[in-house]
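# Structure assessment
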Amino acid sequence: SDDDSLVFMAGFFEEENQIRLVRRDGTLVKKWSLDYFEHFPDADTRPCEVASPLRVDTHGAHLTPRGEVVFNYEYCGSVKLDQCGGLIWRISKPTHHSLTPAQAGGYWLLGRHKWKASDQPERFPPFSTPATDDEMLEDTLLWVSADGEILEEISIPELMLANNLEALLTANGDIFKSDSVNQTELVHANKVAELRSEVADSYPLFEAGDLAISLRELNLIMVLDPISKVLKWHQTG
């Protein structure tokens, strides 16, 4: 890289959450100050209850060609800001970990649902045994428009069941009993990435627009056709 190239980063600086553009020598070019309470002022719709804005970190961020920033507060919502830090939109859902532009427009993000296993006892056995009353955590894929509208939400465990990979849901080393499960977090998705058209020819098994999904708890990577919902490939280990 030449000396004029920029580094895009997010973290805690100057006792606040910030997104920054810096030169490779560390010179600050631009910064956005991020205040969770300012971006989610209504406590009733705020995805996370925290005592301080410093109790929320960012995970997953993108800089648009217009100089806008789109990012996740980890499990606490997503935000788009303009070049001057003004709020363009917010998503009051527990988004997390990953945010990538979609070639069809908008962004792919990771989300999460909570549900009571006792309310839906046959949904994801053996996690949802009738005796289990734990709150289960179900990760999802979110397709969000450039204007912040949720266009589609796809359950990752449901994808696995529909593609005959249900056996992998329990391949995490935990012990499963009829009266309880140790693992309430079904998959713990870490990353979603899209195969871009400019490099798709190098991957003959896949097509431009396919999504690679990384799942921590299962040591699993899957490739999804987001239109047909077919999992084209997977690898554990």
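What counts, and where the lines are drawn
Residues numbered from 1 in each chain as written. Predicted model: local features only at pLDDT ≥ 70, side-chain atom pairs only at ≥ 80, totals over all residues. Heavy atoms only, no water. Buried < 20%, exposed > 50% of the residue type's maximum accessible area, 1.4 Å probe, protein only. Helix = DSSP H or I, 4+ residues; strand = E, 2+ residues; numbered from the N terminus. Pairing = 2+ DSSP bridges. Disulfide = S-S within 2.5 Å. Salt bridge = Lys/Arg side-chain N within 4 Å of Asp/Glu carboxyl O. Axes fitted to C-alpha atoms, helices over the stretch in contact; angles between N-to-C directions. Phe/Tyr/Trp six-rings, centres within 6.5 Å; stacked < 30°, edge-to-face > 60°. Core = buried A, V, L, I, M, F, W, Y, C linked by side-chain atoms within 4.5 Å. Contact = heavy atoms within 4.5 Å.

### With respect to the pairing of strand S9 (residues 107–116)
Among the 10 residues in S9, 7 count as buried, and that is most of the element. When strand S8 (residues 96–101) meets S9, the two strands line up antiparallel, connected through 4 bridges. Looking across to S9, one finds that Leu99 is bridged to Leu109. Turn length for the S8-S9 hairpin, with the two strands adjacent in sequence and antiparallel, is 5 residues, and the turn residue Gly105 shows positive phi of about 110°. Alignment of S9 against strand S10 (residues 135–144), held across 10 bridges, turns out to be antiparallel. Within S10, the residue paired with Leu109 across the bridge is Leu142.

### Points about the state of the cysteines
All chains considered together, the criterion is met by 1 disulfide. Each sulfur of the disulfide joining Cys48 and Cys76 lies 1.9 Å from the other. Across the S-S bond linking Cys48 and Cys76, the dihedral sits near -90°, which makes this disulfide left-handed. Separated by 28 residues along the polypeptide, Cys48 in the loop between helix H1 (36–39) and strand S4 (58–63) and Cys76 in the loop between strand S5 (69–73) and strand S6 (77–81) bring together distant segments of the chain. We classify Cys48 as buried; its relative accessible area is 14%. We classify Cys76 as buried; its relative accessible area is 5%.

### Notes on the pattern of salt bridges
Counting across every chain of the model gives 14 salt bridges. Across the salt bridge formed by Glu68 and Arg66, the nearest N and O atoms sit 3.2 Å from each other. With relative accessibility at 60%, the residue Arg66 sits in the exposed group. Across the salt bridge formed by Lys80 and Glu68, the nearest N and O atoms sit 3.6 Å from each other.

### Some words on the environment of Met136
Inspection of the secondary structure puts Met136 in strand S10. Between the C-alpha atoms of Met136 and Ala117, which are 19 residues apart in sequence, the distance is 6.5 Å.

### Regarding the sheet that holds strand S7 (residues 87–91)
With antiparallel pairing, 4 strands are arranged side by side in an open sheet as S4-S5-S6-S7. Edge strands, defined here as strands with exactly one partner in the open sheet, are S4 and S7. Within this sheet the neighbouring strands show an average axis-to-axis angle of 15°, counted without direction. Two strands pair when backbone bridges link them, and S4 and S5 are joined in this way by 4 bridges, in the antiparallel orientation. Bridge pairing in S5 links Ala61 to Phe71.

### Observations regarding the packing of aromatic side chains
The way to describe two aromatic rings as a pair is by their centre distance and the angle between their planes. Tallied over the entire structure, the rule returns 8 aromatic pairs. Summarising the aromatic geometry, the rings of Phe40 and Tyr73 are spaced 6.3 Å apart at their centres and angled 70° between planes, so their arrangement reads as edge-to-face. On the criterion of sequence distance, the pair formed by Phe40 in the loop between H1 and S4 and Tyr73 in strand S5 is long-range, its members being 33 residues apart. For the ring pair Phe71 and Tyr73, a centre distance of 5.1 Å and an interplane angle of 80° mean the geometry is edge-to-face.

### Re the sheet that holds S8
By definition, the strands of a sheet pair up through backbone hydrogen bonds, in either a parallel or an antiparallel sense. Read from one edge to the other, the open sheet built from 4 strands follows the order S8-S9-S10-S11, with strand pairing classed as antiparallel. With one partner strand each, in any of the chains shown, S8 and strand S11 (150–155) form the two edges of the open sheet. For this sheet, the mean inter-axis angle between neighbouring strands, taken without regard to orientation, is 30°.

### What to know about the pairing of strand S13 (residues 211–215)
Burial of the side chains of S13 is restricted to one face: Leu211, Ile213 and Leu215 are buried, whereas none of Ala212 and Ser214 on the reverse face is. Sheet topology note: the strand S12 (residues 189–194)/S13 ladder contains 5 bridges and is antiparallel. When the bridges of S13 are listed, Glu194 appears paired with Leu211. Relative to strand S14 (residues 220–225), S13 runs antiparallel, the two being bridged by 5 bridges. If you follow Ile213 over to S14, its bridge partner there is Met222. Remark: 4 residues form the turn of the hairpin made by S13 and S14, two consecutive strands paired antiparallel; Asn219 in that turn has positive phi of roughly 50°.

### Concerning the nonpolar core
Core analysis: the largest hydrophobic core is formed by 28 residues, its most contacted members being Leu141, Ile156, Met160, Val187, Leu215 and Met222. Listing elements by their share of this core, those giving two or more residues are S9, S10, helix H2 (156–162), S12, S13 and S14. Contacts of Ile156, omitting those with residues within four sequence positions, involve Leu110, Asp139, Thr140, Leu141, Val187, Ala189, Ile213, Leu215 and Met222.

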